[in-house]
Amino acid sequence: MTVLYKANMVRGAEWATLFAERAPDLPFRLWPDIGDPAEVRYLVAWVPPDDIAATFPNLELVFSVGAGVDQFDITKLPPHVPLVRMLEPGITERMVEYACMSVLALHRDLVQFIAQQREQVWRELPVTQTGKRRVGVMGLGLLGQAVLGRLKSFGFPLAGWNRSPRSIEGVTCYAGADALPDFLGHTDILVCLLPLTPETRGLLNANLFARLPRGARLLNVGRGGHLIEADLIAALDSGVLSAAVLDVAEPEPLPAGHPFWGHPRILLTPHIASTTAPETAVDFVLDTIARRHRGEALPGRVDRTRGY
Ligand code: GLV
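Residues numbered from 1 in each chain as written. Predicted model: local features only at pLDDT ≥ 70, side-chain atom pairs only at ≥ 80, totals over all residues. Heavy atoms only, no water.

Visitor: What am I meant to see in the environment of P264 here?
Guide: Of note, P264 is situated in the loop between α9 (259-262) and β12 (266-268). Residue classification places P264 among the partly exposed residues on the basis of a relative accessible area of 45%. A C-alpha to C-alpha distance of 13 Å links P264 and Q120, two positions 144 residues apart in sequence. With near-sequence residues (within four places) excluded, P264 lies in contact with V111 and A115. (Helix = DSSP H or I, 4+ residues; strand = E, 2+ residues; numbered from the N terminus. Buried < 20%, exposed > 50% of the residue type's maximum accessible area, 1.4 Å probe, protein only. Contact = heavy atoms within 4.5 Å.)

Listed below in structure tokens is the structure:
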């Protein structure tokens, strides 16, 4: 009955300490020290090992160490082994911080001011009231809802778009592909918090940008695969969009010489918007294992047909 962890090693050491404290009877191992593979019942991974099913014949549960699961090929997991996303409060809180920071940065022209500083330009830009800057969040899961909840305090008019209908107090909610143009037409700062699936890959493209009010701003905290990079550059260079904050790219790390590095209207961070907090994630994993033993439903269980 072993838990095997295969992700960031610095955080892995914290996980090991917390497991030793909170579940001293449950052996915990850090990849590549896997011990007897037949003993591994629970796998916690960012990039999963190849051939999971053949290597670990007694696996009962697989956890993504992050909120996203697009790095897993679900078809390679035996049907009886659930894949669970990390629905832990630490990851949500960090995403809320990063998203609020970035929406405020886009609202207050920080990207433009950074470019001006590089050019030694001292120039004011007109300030828009928050009440006139409409923020729209794509993806209304746990993270999207938490981000909207905190953005409320700044007074932005808020909207959300989701694949299936949602109802959130104080947020105008749109659902499904048919409602997308209407949502975009009312969005000055667009936040992408969608899961990456075959349906959402490449969704942030020229066609979508053209439906936003001219000069809109983009925050991508989803995945690099959501964005058609050349379309973003063209939209920024032509004024269709006025600035973008990107925390994700494809591939990561972004290759040297890529146009995003030096673009004056792009603020880029190295996929750090949110990371799993070991302190709270360990409790989530232990709780999920206990639920599995009791035969209960598992929060965060990935629906194989939806892909998230
Ligand atoms: C990070 O991107 C995650 O999926 O948690």
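Visitor: What is the right way to look at the pairing of strand β3 (residues 40-45) in this model?
Guide: The two faces of a sheet get side chains in turn, since along a regular strand they alternate between them. Across the 6 residues of β3, 5 count as buried, placing the element largely inside the fold. Across 5 bridges, strand β1 (residues 2-6) lies against β3 in parallel orientation. Residue pairing across strands places Y5 opposite V44, the latter belonging to β3. Sheet topology places β3 next to strand β4 (residues 61-64); 4 bridges connect them, and they run parallel. Bridge pairing links V44 to F63 in β4. (Pairing = 2+ DSSP bridges.)

Visitor: I'm lost on helix α10 (residues 278-294) in this one. Help?
Guide: The α-helix winds at 3.6 residues per turn, so residues separated by three or four positions along the chain end up facing the same way. Taking 1.5 Å of rise per residue, 17 residues should cover 24 Å, and α10 covers 24 Å from first to last C-alpha, within 8% of that figure. Here α10 has its buried residues at P278, A281, V282, F284, V285, L286, T288 and I289. Considering only its buried residues, α10 is in contact with β1, α1 (9-22), β3, β4 and β5 (83-84). (Expected span 1.5 Å × (residues − 1).)

Visitor: Where do I start with the domain arrangement of the protein in this structure?
Guide: A common measure of how large an interface is: the accessible area buried when the components associate. Per the domain assignment, the segments of the protein are domain 1 (2-88 + 276-294) and domain 2 (92-268). Computed from C-alpha atoms alone, the centre-to-centre distance between domain 1 and domain 2 is 32 Å. Overall, the association of domain 1 and domain 2 removes approximately 490 Å² of surface from exposure, summing both partners, and the carbon and sulfur fraction of that is 48%. The largest share of the area that domain 1 buries against domain 2 comes from D70, L87 and E88, three residues that together contribute 60% of it. The interface formed by domain 1 and domain 2 includes 1 salt bridge. When the shortest N-O distance is used, the salt bridge between D70 and R223 registers 2.8 Å. For the pair domain 1 and domain 2, the interface holds 2 residue pairs in polar contact (both at pLDDT 80 or more). (Domains from an automatic or database assignment. Buried area = accessible area lost by both parts, 1.4 Å probe. Salt bridge = Lys/Arg side-chain N within 4 Å of Asp/Glu carboxyl O. Polar contact = N/O pair within 3.5 Å; in protein donor to acceptor, adjacent residues only side chain to side chain.)

Visitor: I keep staring at helix α8 (residues 229-238) and nothing clicks. Help me out?
Guide: Residues of α8 that are buried include every one of L232, I233, A235 and L236, and no others. Angular distribution of buried residues about the axis of α8 spans 165°; they occupy a single face of the element. Counted as exposed and oriented over 90 degrees from the buried face of α8: A230 and D237. Summarising the contacts, the buried residues of α8 are in contact with α7 (206-211), β10 (216-220), β11 (241-246), α9 and β12. Just downstream of α8 lies G239, where phi reads positive at about 85°. (Arc of directions from axis to C-beta.)

Visitor: Teacher, can you tell me more about the site of the ligand here?
Guide: Around the ligand sit W46, G66, A67, G68, I91, R223 and H271, and that is every residue in its neighbourhood. In the model, an oxygen atom of the ligand is placed 2.7 Å from a nitrogen or oxygen of the R223 side chain. Within the side chain of H271, a nitrogen or oxygen atom sits 2.5 Å from an oxygen atom of the ligand. The fraction of the free accessible surface of the ligand (190 Å²) that becomes covered by protein chains is 86%. For the shell around the ligand, the per-class residue count stands at 3 nonpolar, 3 polar and 1 charged. (Near = heavy atom within 4 Å. Areas by Shrake-Rupley, 256 points an atom, 1.4 Å probe, with all protein chains shown as cover. Nonpolar A, V, L, I, M, F, W, Y, C, P; charged D, E, K, R; others polar.)

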